[in-house]
Amino acid sequence: MTIRDQLSLVVGADGGIGQALCVALRKDGRYVAGTSRRDGSPEMLYLDLAGDLGVFAAPAGVGQAFLCAAVTATAQCRMDPAGTACVNVDGTVRLAEQLVRAGVFVVFPSTNMVFDGALPRRAADDARCPLAEYGRQKARAEELLLALGGQVAVVRLTKVLAPGVTLFSGWAEQLQAGRIIRPFSDMPMAPVPLDFVVGALLAIAASRKGGLWQISASRDVSYAEAALRLAARLGADLGLVRPVSWREAAPDMEHVPAHTSLDASLLEKELGLAAPDPLASLDQAYGAYE
């Protein structure tokens, strides 16, 4: 059986990355099975990673699986560390163990938040040093999944820009109405387009090379820089962009890193996918508002 003939399992197929993966796989003529924790979701298998995984059986013929289901809200992870870890760590690892035993190649999207953000372009083999609960959960999951061997690829992601980013939509609406926006001057991101991320995840799965991978823009930009670029593209008054510090506007935030970018050189070396420029990533997202 060729890779194309194998069934792809997308866990969390109703999330942003999961949906995009399903679309891309089917567009390429692949067979896809998606899961959702929403019981009764049409055309999806029911799977709750916080529940009894003993009642879930992956469909026959699965060759690769993308474990996209997670609780990603950092505030929820902080307020309910035990409950969210049931999904982000325990359930994810138990499912991966089942899949690996069945010979399935597993791809696990992780996050730059497994680091403290003190340095830019963190190397994949740098020691994990998370400072937020969500990052701690992902770091623990990474450790346990990599211990399963070469059938697991852990793929760390920086900021993924899906179409219709709520923050950007709000900025555009305010700027076009001549109203002031106040982006954070000291909060960084290393944005990558959703289609780039999906393409990279599929390429990693096709390579069947386990271990640590990283997907990142080539450098960080601040949210203030991103807002000014949007204002310029819209032809709005740049004076409407009034940057503020997150320390003043949102002092209760758990942790804001100084840097988010990762060293994605392995992706370019092995698969020919160079880290995108962050401004080009923003421009792609902003095209919807012009």
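Residues numbered from 1 in each chain as written. Predicted model: local features only at pLDDT ≥ 70, side-chain atom pairs only at ≥ 80, totals over all residues. Heavy atoms only, no water.

Asks: Please clarify how the sheet that holds strand β10 (residues 211–215) should be interpreted in this entry.
Replies: As a general point, the strands of a sheet are linked pairwise by backbone hydrogen bonds and lie either parallel or antiparallel. The sheet built from seven strands is open, its strands ordered β3-β2-β1-β4-β5-β6-β10 with parallel pairing. Each of the sheet's edge strands pairs with one partner strand only, and the pair in question is β3 (45–46) and β10. As paired elements, strand β5 (residues 105–111) and strand β6 (residues 152–157) share six bridges and run parallel to each other. When the sheet's bridge partners are listed, V107 is paired in β6 with A153. Packing of helix α3 (residues 81–101) onto the sheet brings it into contact with β1 (7–11), β4 (62–67), β5 and β6, and relative to β4 it is tilted by some 165°. (Pairing = 2+ DSSP bridges. Helix = DSSP H or I, 4+ residues; strand = E, 2+ residues; numbered from the N terminus. Contact = heavy atoms within 4.5 Å. Axes fitted to C-alpha atoms, helices over the stretch in contact; angles between N-to-C directions.)

Asks: What is the right way to read empty space enclosed by the protein from this model?
Replies: Gaps between atoms show up when a probe of the same size as a water molecule is rolled over them. A complete count under the given rule lists one cavity of 30 Å³ or more for this structure. Within this model, the largest cavity holds a volume of roughly 90 Å³. Around the largest cavity, the lining is made up of 14 residues, and of these N112, M113, F115, G117 and P257 lie nearest the centre. Taken together, the residues that form the lining of the largest cavity break down as six nonpolar, six polar and two charged. (1 Å grid on protein atoms, 1.4 Å probe; cavity = no way out; pocket = protein on both sides within 12 Å on 5 of 7 lines; lining within 4 Å. Points joined across faces, edges and corners; volume = space filled by probe spheres on them. Nonpolar A, V, L, I, M, F, W, Y, C, P; charged D, E, K, R; others polar.)

Asks: Any chance you could explain the pattern of salt bridges here in plain terms?
Replies: When the charged atoms of two side chains with opposite charge come close together, those side chains can pair. Counted according to the given criterion, the structure contains 16 salt bridges. Here the salt bridges do not stand alone but share partners, grouping R78, E133, R136 and E254 into one network. (Salt bridge = Lys/Arg side-chain N within 4 Å of Asp/Glu carboxyl O.)

Asks: Please explain the packing of aromatic side chains as it appears in this structure.
Replies: Two descriptors summarise a pair of aromatic rings, namely the distance from one centre to the other and the angle between the planes of the rings. Scanning the model with the defined rule gives two aromatic pairs in all. For the ring pair F168 and Y286, a centre distance of 5.2 Å and an interplane angle of 70° mean the geometry is edge-to-face. Here F168 is found in helix α5 (residues 166–176), whereas its partner Y286 is found in helix α10 (residues 278–286), with 118 residues between them in sequence. Assessed through its relative accessible area of 1%, F168 is described here as buried. Judged by its relative accessible area of 0%, Y286 falls in the buried class. A network of ring pairs unites the aromatic residues F168, W171 and Y286 as a single cluster. (Phe/Tyr/Trp six-rings, centres within 6.5 Å; stacked < 30°, edge-to-face > 60°. Buried < 20%, exposed > 50% of the residue type's maximum accessible area, 1.4 Å probe, protein only.)

Note that all results are geometric; they support no functional claim without further evidence.
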